[in-house]
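If you want the building blocks of each chain, they are given just below.
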Amino acid sequence: MTLLGHLSLWLALFVGLWGAITGFAGGLQGRADLQQSARHAVFAMFAALALATICLEVAIFRHDFNVQYVAAYTSRNLPTFYLWSALYAGQKGSLLFWATVLSLFATLAQVLTSGRHRAYLPFVAAVTCTVATFFVLVMVFAANPFERLAYTPVDGSGMNPQLQNPGMVFHPPMLYLGYISITIPFAFAIAALLSKKLDVDWLVAIRKWTLVSWLFLAIGLLIGMWWAYVELGWGGYWAWDPVENVALLPWLVMTAFLHSVMVQEKRGMLKKWNLALVLGAWLLSIFGTFLTRSGVIASVHSFTQSPVGYFFLGFLLLAAGSTIVLYVIRLPLLEAEATLESMVSREASFLFNNLLFIGLAFSVLWGTLYPILSEWLQGTKVTVGPPFFNLVNIPLGLALLALTGIGPLIAWRRASIPNLQRQFAVPAVTGLFVLLILLVAGMREIGPLIAIGLGGFVTATVFQEFGRGARARHRQYGEPLVLAVLRLVARNRRRYGGYIVHMGMVLLFVAFAGMAFKTETQATLRPGESATLRSPYGQVYTFTHLGISQYDALNRRVTAALVDVSRDGKPVGRLKTEKRQHVDALGRNTFEASTEVGIRSGLREDLYVVLGGLVNGTEQAVYRFTINPLVWWVWFGGFVLVGGGLIVLWPGGGSPAVRRTQAGYAVKLESKQ
Amino acid sequence: MNVDRRGFVVAVVATLGAVVQDSLAGSGPAGKVADPASAGRPLGPTSAADIDAAYQAIEKQLKCSCGCGLDIYTCRTTDFNCTYSPGLHAHVVALAQEGKTAQQIIDAFVAQYGQQVLMAPPRRGFNLVGYLFPSVLVLVAAGFLLVTLRRWTRVAAAEAVAAGPAVTGHVDASSAELERLRRELERLPS
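This is a predicted model, so every value here is computed, not measured. (Residues numbered from 1 in each chain as written. Chains lettered and ligands numbered in written order. Predicted model: local features only at pLDDT ≥ 70, side-chain atom pairs only at ≥ 80, totals over all residues. Heavy atoms only, no water.)

1. A word on the confidence of the model for chain A
Step number 1: The pLDDT averaged across chain A works out to 90; a share of 95% of its residues lies at or above 70.
Step number 2: Ignoring residues within four places in sequence, the model shows residues 660-673 of chain A, a span with pLDDT below 50, making 16 contacts including any to other chains. (pLDDT = per-residue confidence, 0-100. Contact = heavy atoms within 4.5 Å.)

Now the structure itself:
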């Protein structure tokens, strides 16, 4: 099977090259035969890469430890669930996964793109084939997942225990899907530049793809946060690690695009900007991949340093260079068709929103690269950790949260003073009221005060928008209010789905603010002994160590500690935290003992208990007890955000007013041509 | 082995005593676990210095050298297998017991390990530029955006004047009615 897999990679390489050449040539020369050939090459490449993936999975499931990748990341007793995820647990497998999914997306783009946008498809085939071929090239020449060992180990090294978590089964593929799917909007953008068809058509063609990409990135980031929280044991979910940061960058840029594209669709403005955002998001995704896989910046997430990094650097420079040149050449074709009529308009607020998104993305990038910059410019190695990022990014994030509320309140084209008064009155009063309550309750931390106050303001904005829309339907059609809300959302999914996303962001910001009130302690307890910890709400939690038990489970020896929890003397429940010593099929230790956190999650706070270890091999245990306020709301906010995104993505919908606006703009364009 | 009745009773009582003792709240030594080796690195009991807030505040500013990227405090209370953070923590405690202030302890770490031991670069010199650059850039960009928007709106206004009024006919409505109409139009979903 590995030979077949290896041959499939070579086949994919040649087919991909063919697809790239015929796609570009067919598109530029307008030759239908070459265009058709490029389309077929995309399908063939997907078939070859799918076959290669199947071959690697078969090797993994058959425990073929003669294959270096299988021996390095799996063992005989690795649970089946994690055998699946072993495909992307290591550098080589993840490259194959990447190339395969990209070729799948490329195929879907060819099949699902409507006839109206067919002119772009040869170039789309060419670009997707080029990118996928690059990944195959890396595998063939630097990171072959089918590489064989000179001997066959009895058992494999096993998977890192921290990867043996459901979060890690879903987090990497979701993030990869987000990263990879950006290639399709990028391919359409390049197609629009090459074909000089730079009106709204290419934007319509990529609308779903940009949302899919944004959604996958969001889900990937959220699952990654959840995994870090439940698995790593440090009690947080975001550490500003370089690899986390580079995953955030394309998401921020895509979010900016999802806002600014509305200005182009409605008013024919920001063409250059929107194009730059799509191109930039893709380049950032490749930059992120380079950073993760090159080892150029120290990160706990990084794959080991390998020559793969040089491939990515070369590709990144080449891609960035050619993209920028093409963009600059086409700039004269990207003039706006309308001008801004008022500084106080939805368009202007979107521009400031974009400024903050891009500012935030730059700030994250700046902090991530600052250690390298510092070493170059001042010859000093520095660490840029959470204190730096929090100081620099929190003000920008809060400004963005404020704009999340302000933007929807301002009318398109021009807002009048009475309109502003009417729109802002309730949200502003609500925000101030929330702030007042917090101050009266004794909160004095400036960051959380602003975050929660702004949360109140944005929430009121969202409810006001829903309320007005529903009441209008109620008046016009006599619908009950609940039905009116549902129909309102169904008829204008983009707008109201967007507001739900805003609500998700509010919940996330408020939950982030909660972490400012985290409390923790460490204690060594004999069975029966207790430690106490005061929550930020003033209640006293008592943690009583009940004892230690040891047992074997699947591929590990478990040392479990049981803790009885009470709040102000009233029993709350029991928590179990573990030390896991993973072993291979021969009973040999594979990694150092890892920690499984005990978590009791509630609306107000999470109880987070970590078994540090045992004192001299006795039942006397060292614990860390943490109370993390509002963490549940991070996950709930994530669900709301993703739910809102799904509503926007759902096919159909669109109010007659929106359709009329877009149709009107399309007619205007046609009449100009 | 022969055991007399007295010996048997003593043994039973001693065994029961041991069991009861272990299950009582903090009343005696905890029993050995069956396989201590699989429970990770053996630890010592938590000391007062381990949970001292002043030490924690210092350690949160200093990076552990194990490569985890975490600060000393977070590393020693998260990765209990780490062999670096307990030593670094002991170093902080030792320096504090020598009478050094928090800043002096941090300076001592910087002198020994270099500036990269700090979780964030100090806010002075070139690093101050590092802190301020993103915010300054956003402010400059905002200023540039404001100027550009102002120019755009002026152009739009000039074009509107040049084009003349869009509606030439007389509108038979009072200014209050026109304002009401505008409000109603603004209420419509955009």
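2. Quick look at the sheet that holds strand S1 (residues 519-525) of chain A
Sheets are built from strands that pair by backbone hydrogen bonding, the pairs being arranged parallel or antiparallel.
All names here are of chain A.
Step number 1: Ordered by their spatial adjacency, four strands build an open sheet running S1-S9-S8-S7, and the pairing between neighbours is antiparallel. Looking along the sheet, the strands with just one partner apiece sit at the ends: S1 and strand S7 (598-601). Strand-to-strand twist in this sheet, taken as the mean axis angle between neighbours without regard to direction, amounts to 15°. (Pairing = 2+ DSSP bridges. Helix = DSSP H or I, 4+ residues; strand = E, 2+ residues; numbered from the N terminus. Axes fitted to C-alpha atoms, helices over the stretch in contact; angles between N-to-C directions.)

3. What about the packing of helix H16 (residues 446-477) of chain A against helix H18 (residues 493-514) of chain A?
All names here are of chain A.
Step number 1: Interhelical geometry of H16 versus H18 gives an angle of 160° and a closest axis separation of 9 Å. One element, H16, and the other, H18, form an angle in the roughly antiparallel class. Judged by the sense of rotation from one axis to the other, the crossing of H16 with H18 is left-handed. Counting all contacts with H16, which are made through Pro-448, Ala-451, Ile-452, Gly-455, Val-458, Thr-459, Val-462, Phe-463, Glu-465, Phe-466 and Gly-469, the residues of H18 involved are Arg-495, Tyr-496, Tyr-499, Ile-500, His-502, Met-503, Val-506, Phe-509, Val-510 and Ala-513. (Parallel < 35°, antiparallel > 145°, perpendicular 65-115°, else oblique. Left-handed = near helix turned anticlockwise from the far one by under 90°.)

4. A few points about the domain arrangement of chain A
Residues and elements named next belong to chain A.
Step number 1: Entries for chain A in the domain assignment read domain 1 (1-159), domain 2 (386-516 + 636-662) and domain 3 (517-632).
Step number 2: Ranking the residues of domain 2 by area buried against domain 3 places Gly-514, Met-515 and Phe-636 at the top, with a combined share of 60%.
Step number 3: Inspection of the domain 2/domain 3 interface yields zero salt bridges.
Step number 4: Seen at the junction of domain 2 and domain 3, the total is four residue pairs in polar contact (both at pLDDT 80 or more).
Step number 5: Ranked by the residues each element gives to the side of domain 2 that touches domain 3, the list is headed by H18, at four residues.
Step number 6: In terms of residue class, the side of domain 2 that touches domain 3 is made up of eight nonpolar, one polar and one charged. (Domains from an automatic or database assignment. Buried area = accessible area lost by both parts, 1.4 Å probe. Salt bridge = Lys/Arg side-chain N within 4 Å of Asp/Glu carboxyl O. Polar contact = N/O pair within 3.5 Å; in protein donor to acceptor, adjacent residues only side chain to side chain. Nonpolar A, V, L, I, M, F, W, Y, C, P; charged D, E, K, R; others polar.)

5. A few points about the interface of chain A and chain B
Step number 1: The interface of chain A with chain B comprises 77 residues on the first partner and 67 residues on the second.
Step number 2: Contact between chain A and chain B buries roughly 6100 Å² in total, counting both sides, with carbon and sulfur atoms accounting for 63%.
Step number 3: By the criterion of area lost to chain B, the three top residues of chain A are Met343(A), Thr383(A) and Gln522(A), representing 11% of everything that side buries.
Step number 4: Inspection of the region where chain A meets chain B yields zero salt bridges.
Step number 5: Here chain A is connected to chain B by 18 residue pairs in polar contact (both at pLDDT 80 or more).
Step number 6: Take the side of chain A that touches chain B: its biggest share by element is 14 residues, from helix H13 (residues 346-378) of chain A.
Step number 7: Looking at the side of chain A that touches chain B residue by residue, the classes come out as 36 nonpolar, 27 polar and 14 charged.

6. Focus on the nonpolar core
All names here are of chain A.
Step number 1: Val-136, Trp-202, Trp-251, Leu-275 and Trp-282 are the most contacted members of the largest nonpolar core, which totals 200 residues.
Step number 2: Looking at which element gives the most residues to this core, the answer is helix H9 (residues 201-232), with 15 residues.
Step number 3: If near-sequence neighbours (up to four positions away) are discounted, Val-136 is found in contact with Leu-9, Ala-12, Leu-13, Met-45, Leu-49 and Ala-99. (Core = buried A, V, L, I, M, F, W, Y, C linked by side-chain atoms within 4.5 Å. Buried < 20%, exposed > 50% of the residue type's maximum accessible area, 1.4 Å probe, protein only.)

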